[in-house]
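An overview of the molecular structure
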Amino acid sequence: MAKEHERIVILTGAGISAESGLGTFRDKHGLWARYRIEDVATPEAYARDPARVHAFYNMRRAEAATVEPNLAHAALARLVAEHPGRVTLVTQNVDGLHEAAGATPIHMHGRLAGALCHGCGHRWEASLVMAPEDPCPACGRAMTRPDVVWFGEMPYHMETILEALAEATLFAAIGTSGQVYPAAGFVEEARLAGAHTVEINLDRSDVAHVFDRHLIGPASETVPAWVEELLA
Ligand code: APR
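Calculation notes
- Residues numbered from 1 in each chain as written.
- Predicted model: local features only at pLDDT ≥ 70, side-chain atom pairs only at ≥ 80, totals over all residues.
- Heavy atoms only, no water.
- Helix = DSSP H or I, 4+ residues; strand = E, 2+ residues; numbered from the N terminus.
- Buried < 20%, exposed > 50% of the residue type's maximum accessible area, 1.4 Å probe, protein only.
- Salt bridge = Lys/Arg side-chain N within 4 Å of Asp/Glu carboxyl O.
- Pairing = 2+ DSSP bridges.
- Contact = heavy atoms within 4.5 Å.
- Axes fitted to C-alpha atoms, helices over the stretch in contact; angles between N-to-C directions.
- Domains from an automatic or database assignment.
- Buried area = accessible area lost by both parts, 1.4 Å probe.
- Nonpolar A, V, L, I, M, F, W, Y, C, P; charged D, E, K, R; others polar.
- Core = buried A, V, L, I, M, F, W, Y, C linked by side-chain atoms within 4.5 Å.
- Parallel < 35°, antiparallel > 145°, perpendicular 65-115°, else oblique.
- Left-handed = near helix turned anticlockwise from the far one by under 90°.

1. As for the environment of A18
Tracing the sequence through the fold places A18 in the loop between β1 (8-12) and α1 (31-34). For A18, a relative accessible area of 35% puts it in the partly exposed group.

2. Things to note about the pattern of salt bridges
One pass over the full model with this rule turns up 11 salt bridges. With a shortest N-O distance of 2.7 Å, D147 and R123 are connected by a salt bridge. Note that D147 is positioned in strand β6 (residues 144-148) and R123 in strand β5 (residues 123-125), a separation of 24 residues in sequence. Residue R213 is joined to E229 by a salt bridge in which the shortest nitrogen-to-oxygen separation is 2.8 Å. Here the residue R213 occupies a position in strand β9 (residues 213-216), and E229 occupies one in helix α9 (residues 219-231), the gap between them amounting to 16 residues. A relative accessible area of 27% places R213 in the partly exposed class.

3. Brief notes about the sheet that holds β1
With parallel pairing, the 6 strands of this open sheet are ordered in space as β3-β2-β1-β7-β8-β9. Bordering the open sheet on either side are β3 (106-107) and β9, each of which pairs with just one other strand. Summarising the sheet, strand β7 (residues 170-174) and strand β8 (residues 196-201) pair through 5 bridges and their orientation is parallel. By the bridge assignment for β8, A173 is matched with E199. Most of the contacts of helix α5 (residues 71-82) go to strand β2 (residues 87-91), to which it runs at about 145°, and overall it touches β1, β2 and β7.

4. Notes on the domain arrangement of the protein
How big an interface is tends to be stated in terms of the accessible area lost upon association of its parts. In terms of domain boundaries, the protein breaks down into domain 1 (1-22 + 68-109 + 154-232) and domain 2 (23-66 + 111-148). Taken together, the 15 residues of domain 1 in the interface contact 14 residues of domain 2. Together, the buried faces of domain 1 and domain 2 total about 1,100 Å²; carbon and sulfur atoms form 60% of this surface. For domain 1, the biggest contributors to the area lost against domain 2 are L22, V94 and Y156; these three give 49% of the whole. Scanning the region where domain 1 abuts domain 2 turns up 0 salt bridges. Each residue belonging to the side of domain 1 that touches domain 2 can be placed in one class, and the counts come to 6 nonpolar, 6 polar and 3 charged.

5. Some points on the nonpolar core
If you look at the biggest cluster of nonpolar residues, it comprises 23 residues, and the most contacted ones within it are I10, L76, L79, V223, W226 and V227. Of all the secondary-structure elements, those providing two or more residues to this core are β1, α5, β2, β7, β8 and α9. No other element matches α9, which puts 6 residues into this core. In terms of nonpolar packing, the next biggest core, distinct from the first, is built from 20 residues, I106, M108, A173 and A195 among them.

6. Overview of the packing of α5 against α9
Here α5 crosses α9 at 20°, and the two axes come no closer than 7 Å. By the angle between their directions, the pair α5 and α9 is classed as roughly parallel. Between α5 and α9 lies a crossing of left-handed hand. Facing α5, whose interface residues are L71, A72, A75, L76, R78, L79 and E82, α9 presents A219, S220, V223, P224, W226, V227, E228, L230 and L231. Tallied by class, residues from the contact of α5 with α9 come to 12 nonpolar, 1 polar and 3 charged.

Dropping the structure here:
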């Protein structure tokens, strides 16, 4: 990256993992075309039928265990490694592919690999298959849930993310449809901070008009090229 003072904030969405073989949410055959959010991704769904919610996340955990990071994940891990402390990687994804590529993103929607006790708030590493009757290792209550953020819940680490956006000189959104807030509003926060903004996507997102620049194409091609440009 030419300018040493660059402070880069990168937001990723399901599109960065599409070429690894994981479905996105809102594409034609996406997850929300096959499951109803109100059945599997809200606190009310969990209260109503925890076994159904666990089955949905057990399926997603099993899927995520079969895929590998792609060239886009690897390129971002290289960028973070070459400029530690100046790149903030935020992901909406819960699939663990950024860590598998060697990066440590801020997981604003939690992690499939994480388990949370709905009763005492204890967190631990989930087993591949979780069930409602699994006792919490801390309090023993059978109120375990996946440590992911559901619709209607506050995303994690928002203070840290907003602090990074307030100092950003460059903001990139990669593989996200810009339909879910607060993540879809991060580009506005970055613009307010005076950052240059880039959208990297297969096509234009719902908030494409807000971005200064668009790199259209599959992430496994566009992201490595963009990182090369930054590291030149
Ligand atoms: N390369 C780049 N972008 C891609 C690719 C690809 N190979 N394939 C798909 N995309 C783009 C799509 O064009 C779309 O804009 O990725 C985006 C995926 O959008 P969504 O399916 O809505 O996923 P995302 O934006 O991450 O959803 C946000 O919604 O359901 C919640 O919690 C869930 O974190 C998720 C949030």
